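Next come the chains, spelled out residue by residue.
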Number of protein chains: 2
Amino acid sequence: MKTDFTIIADGGITAPQGFKAGAAQAAVKKAGRYDLAVVASEVSAIAAGVFTTNKFQAAPVLVSRRHLQQESAWGFVVNSGCANACTGEPGLQDAVKMAQDTAQGLGCKPEAILVASTGVIGVPLPLERVTAGIAAACGNLSREHGELAAQAILTTDTFKKELAVKYEEEGKTVTLGAMAKGSGMIHPDMATMLGFVTTDAAITKDCLQQALCEANSYSFNMITVDRDTSTNDSLFILANGQAGNPVIDSAESAAYGRFLDALTYLCTELAKLIAKDGEGATKLIEVRVQGAKTLQDARLAARSIAASNLVKAAIFGADANWGRIVCALGYSGADFDPALADVYIGDLAMAQNGQGLNFDEEKAARLLKEDAVVLKVVLKQGPADATAWGCDLTYDYVKINGDYRT
Amino acid sequence: MKTDFTIIADGGITAPQGFKAGAAQAAVKKAGRYDLAVVASEVSAIAAGVFTTNKFQAAPVLVSRRHLQQESAWGFVVNSGCANACTGEPGLQDAVKMAQDTAQGLGCKPEAILVASTGVIGVPLPLERVTAGIAAACGNLSREHGELAAQAILTTDTFKKELAVKYEEEGKTVTLGAMAKGSGMIHPDMATMLGFVTTDAAITKDCLQQALCEANSYSFNMITVDRDTSTNDSLFILANGQAGNPVIDSAESAAYGRFLDALTYLCTELAKLIAKDGEGATKLIEVRVQGAKTLQDARLAARSIAASNLVKAAIFGADANWGRIVCALGYSGADFDPALADVYIGDLAMAQNGQGLNFDEEKAARLLKEDAVVLKVVLKQGPADATAWGCDLTYDYVKINGDYRT
């Protein structure tokens, strides 16, 4: 990060200029809980998106992909409680209807609306209630309702995830705001179920898409809760140009670099919140891999360790069973020489050059009992580093997922 | 399976002619538990092996690979309680010493002995106790001690896994016996931590290796407990020719086909026992994928579903959340058209042509409460079928692995 930027206290999806949010209780989830959010730009915005690689793509993913072919967008609509996935042609029509209803509320074309859903797979949307909810959300759009929108998109999440940052660009203030939700079916490609970013930066569509992909590869794609890549994963960004900065139109420019820094920071912090709020999690796990041959090797290794059930369970139990780190490193697919690998828990060396060390068990247990546990692997193969995030595997993960629908 | 064969009641690793086993309490595990096994052929045997693909290969794996370059072998030695992995050059010397000690006990060359270890990674073997244990095991070799050997190789397993079958080959009885252990760090490539097969069949080294690889691809490589591919996975087979059948010397022959059928059956049954005895498991999960384009696609799909934490937790909770099956199918990497996929729990259809159906929740819950749960996916893409096995994800898995070393 070379860019100085400021974190906006209590900032979220409506922090950038010209964005409003609305939320409603549409009774898709249990009655009395917010489950529908609309975010709108006051002017036409440039839009970009990144989506799940799962073969089964939910209806809203298919519709949003299509709508992103448009040059611009005006907003997006999100429901929680129902994923609208594996719902066939009727589900596709429902997703289109969500865009139409939102477009009607905002006074734009349906193609200018992106759609996202999260919740149970294979169940049809209660469309009448959703339509009513969209009308209600469009009716209460305001800058103050950003927080309510961040609340409305959650499922098994235990806290809302929102953040905003700003930085100076040629005398203008550029702001980025975001919200996201986890917290199960979380694994790279993409890792988050849903992430949303708004910005008042002026930027071209190509640069925006490239920046989103790049920021995503360091953030949402580097978290894992359970290795399950969802059918609905979506990350959207809307850029409405209201900051008044000179349009960012080249990925080689310094201005692009600053924007990317801010976007990567924002996405990384949200991704870490998702990992920390993984279903049943009590600890955030950060896995740092250093000295890999290539970035791809470093990422494979870091994600493999962060995703290992055995590593996750050992950290839940504060058991310094570093052999499991080595095991997950060894089957990661990364290219390296096992006889050179060093393994650390925090700053405590567990193994050097592929061989176990005598270590201070008490100190290791103390490090493993902290809220955030850092695992480090040094491969001594080349210049590439990567960091991945995950969470521990707990009784509560099993409990939550043994009985999700009821 | 086209071959008729008979399951030998209470048969195990010493069921084939000319094999004996010995076991000892070497105090590698807690004192008073069997933790060392030796299996020996009375005559020189043909040997073959399949090993882990993990980059970190335990010392016994490296030594056994080297010894398998010999034309023949006389037996193998196994300890539980310590994996002798990530132990560097000293660990390698310890594994060689295990072969030397066993060779001394059996009166053969050290290169004629295969070595396997299972247990904690990164801890050195208590070599003096192991040497004493090997001497003791070599001193009590007998046909009756096959069961003791099967006991001695276990770690967190809750029951021993052994089996033997026999069939007729040109007037001679060919017998195959086997033992295996699970039950964590279980995932394809190879899936079992340790599997051992003996047979009195007369067969060439090439045919034996090919049959072992083929049987393994349908059995041990199709089970998963936790997606963690261990550093020690090994499957050995010794064939000592004592059945007196005409030597099986061509993989095209009918005799090879019969041998392969028996070996595949044996390995598949043992693999299912390992899945059923997965750490903390209460249920065996069998995933059948039918109508894939290729065998590789079918296997990818079946293994992905069997390995999904969310599927496993849902089955633990007897929750018919079939969307998770679809999700794991979708990210499996298998090539198929999601709009054609049908999903079943037992014989109850959950989804047809990629779309959810109304189903009998009570019947689904009943099917999910059985000891063995069958999930079926029909892809309608081609002729290839595959079956994978796994187990449910339970509180006890977390408990066992949160506190494995203490």
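Our structure's up above, just so we're on the same page.
Because the structure is a prediction, the values reported are computed rather than measured.

Conventions used here
Residues numbered from 1 in each chain as written. Chains lettered and ligands numbered in written order. Predicted model: local features only at pLDDT ≥ 70, side-chain atom pairs only at ≥ 80, totals over all residues. Heavy atoms only, no water. Helix = DSSP H or I, 4+ residues; strand = E, 2+ residues; numbered from the N terminus. Rg over C-alpha atoms; globule rule 2.2 N^0.38 Å. Buried < 20%, exposed > 50% of the residue type's maximum accessible area, 1.4 Å probe, protein only. Contact = heavy atoms within 4.5 Å. Areas by Shrake-Rupley, 256 points an atom, 1.4 Å probe, with all protein chains shown as cover. Lys, Arg positive; Asp, Glu negative; His and termini not counted. Charge placed at Lys NZ, Arg CZ, Asp CG, Glu CD. Buried area = accessible area lost by both parts, 1.4 Å probe. Salt bridge = Lys/Arg side-chain N within 4 Å of Asp/Glu carboxyl O. Polar contact = N/O pair within 3.5 Å; in protein donor to acceptor, adjacent residues only side chain to side chain. Least-squares fit on C-alpha atoms with pLDDT ≥ 70 in both. Phe/Tyr/Trp six-rings, centres within 6.5 Å; stacked < 30°, edge-to-face > 60°.

**Q** Give me the lowdown on the overall build of chain A, citing residues and values where you can.
**A** Helix and strand counts for chain A stand at 11 helices and 15 strands. Taken over C-alpha atoms, the radius of gyration comes to 21 Å for chain A, in line with the 22 Å a tight globule of 406 residues would show. Counting only residues that meet the buried cut, chain A has 62% of its 406 residues in that class. Partitioning the intrachain contacts of chain A with sequence separation of at least 6 by distance along the chain shows that 80% fall at a separation of at least 24. A total of about 13,800 Å² of accessible surface is found on chain A, and carbon and sulfur atoms cover 48% of it. Of the charged side chains in chain A, 36 are positive and 46 negative; the average position of the first set lies 3 Å away from that of the second.

**Q** Can you lay out the environment of Ile223(A) for me, pointing to particular residues and giving the numbers?
**A** Looking at the element boundaries, Ile223(A) is found in the loop between helix 5 (205–218) and strand 9 (234–239). With 86 residues separating them along the chain, Ile223(A) and Ala137(A) place their C-alpha atoms 31 Å apart.

**Q** Which residues make up the interface of chain A and chain B, and what are the values?
**A** Listed as interface residues are 59 residues of chain A and, on the opposing side, 59 residues of chain B. Both sides together, the interface formed by chain A and chain B hides about 4,700 Å², and carbon and sulfur atoms give 58% of it. Along the contact surface separating chain A from chain B lie two salt bridges. Of the charged contacts in the structure, one is a salt bridge between Lys55(A) and Asp335(B), with a shortest N-O distance of 3.2 Å. Our enumeration of links across chain A and chain B arrives at 12 residue pairs in polar contact (both at pLDDT 80 or more). Mapped by element, the contributors of at least two residues to the side of chain A that touches chain B are helix 2 (88–106), helix 8 (309–316), helix 9 (323–330), strand 13 (355–356) and helix 11 (395–402) of chain A. Tallying contributions element by element places helix 9 of chain A first for the side of chain A that touches chain B, with seven residues.

**Q** So what's going on with the relation of the copies chain A and chain B? Which residues, and what values?
**A** Screw-axis analysis of chain A against chain B gives a translation of 0.0 Å along the axis, an RMSD of 0.0 Å, and a rotation angle of 180 degrees. Between the two chains, the operation in question is that of a two-fold axis. When each C-alpha of chain A is compared by its distance to the rotation axis, Tyr395(A) comes out closest, at 2.6 Å. A shared interface surface links the copies, since 100% of the contact residues of chain A are contact residues in chain B too.

**Q** If you had to explain unusual backbone geometry to someone new, which residues and values would you point to?
**A** Glycine aside, the phi torsion of most residues is negative, and most peptide linkages are trans. Residues and elements named next belong to chain B. The residue glutamate 170 is not glycine, and still its phi comes out positive at about 50 degrees. As for its placement among the helices and strands, glutamate 170 is situated in the loop between strand 6 (161–169) and strand 7 (172–181). Given the relative accessible area of 62%, glutamate 170 is considered exposed. A positive phi angle is found at asparagine 353, which is not glycine, with a value near 50 degrees. By the secondary structure assignment, asparagine 353 is in the loop between strand 12 (348–352) and strand 13 (355–356).

**Q** Quick rundown of the packing of aromatic side chains? Include the residues and the values.
**A** All names here are of chain A. All chains considered together, the criterion is met by 15 aromatic pairs over all chains. A centroid spacing of 4.7 Å and a plane angle of 15 degrees characterise the contact between phenylalanine 76 and phenylalanine 196, whose relative ring orientation is stacked. Of the two residues, phenylalanine 76 sits in strand 4 (residues 72–82) while phenylalanine 196 sits in strand 8 (residues 194–199), which places them 120 residues apart along the sequence. The exposure classification of phenylalanine 76 matches that of phenylalanine 196, with both residues buried. Plain terms: the ring middles of phenylalanine 76 and phenylalanine 236 are 6.1 Å apart, the flat faces sit at 55 degrees to each other, and that makes the pair tilted. Of the two residues, phenylalanine 76 is situated in strand 4 and phenylalanine 236 in strand 9; the sequence distance between them amounts to 160 residues.

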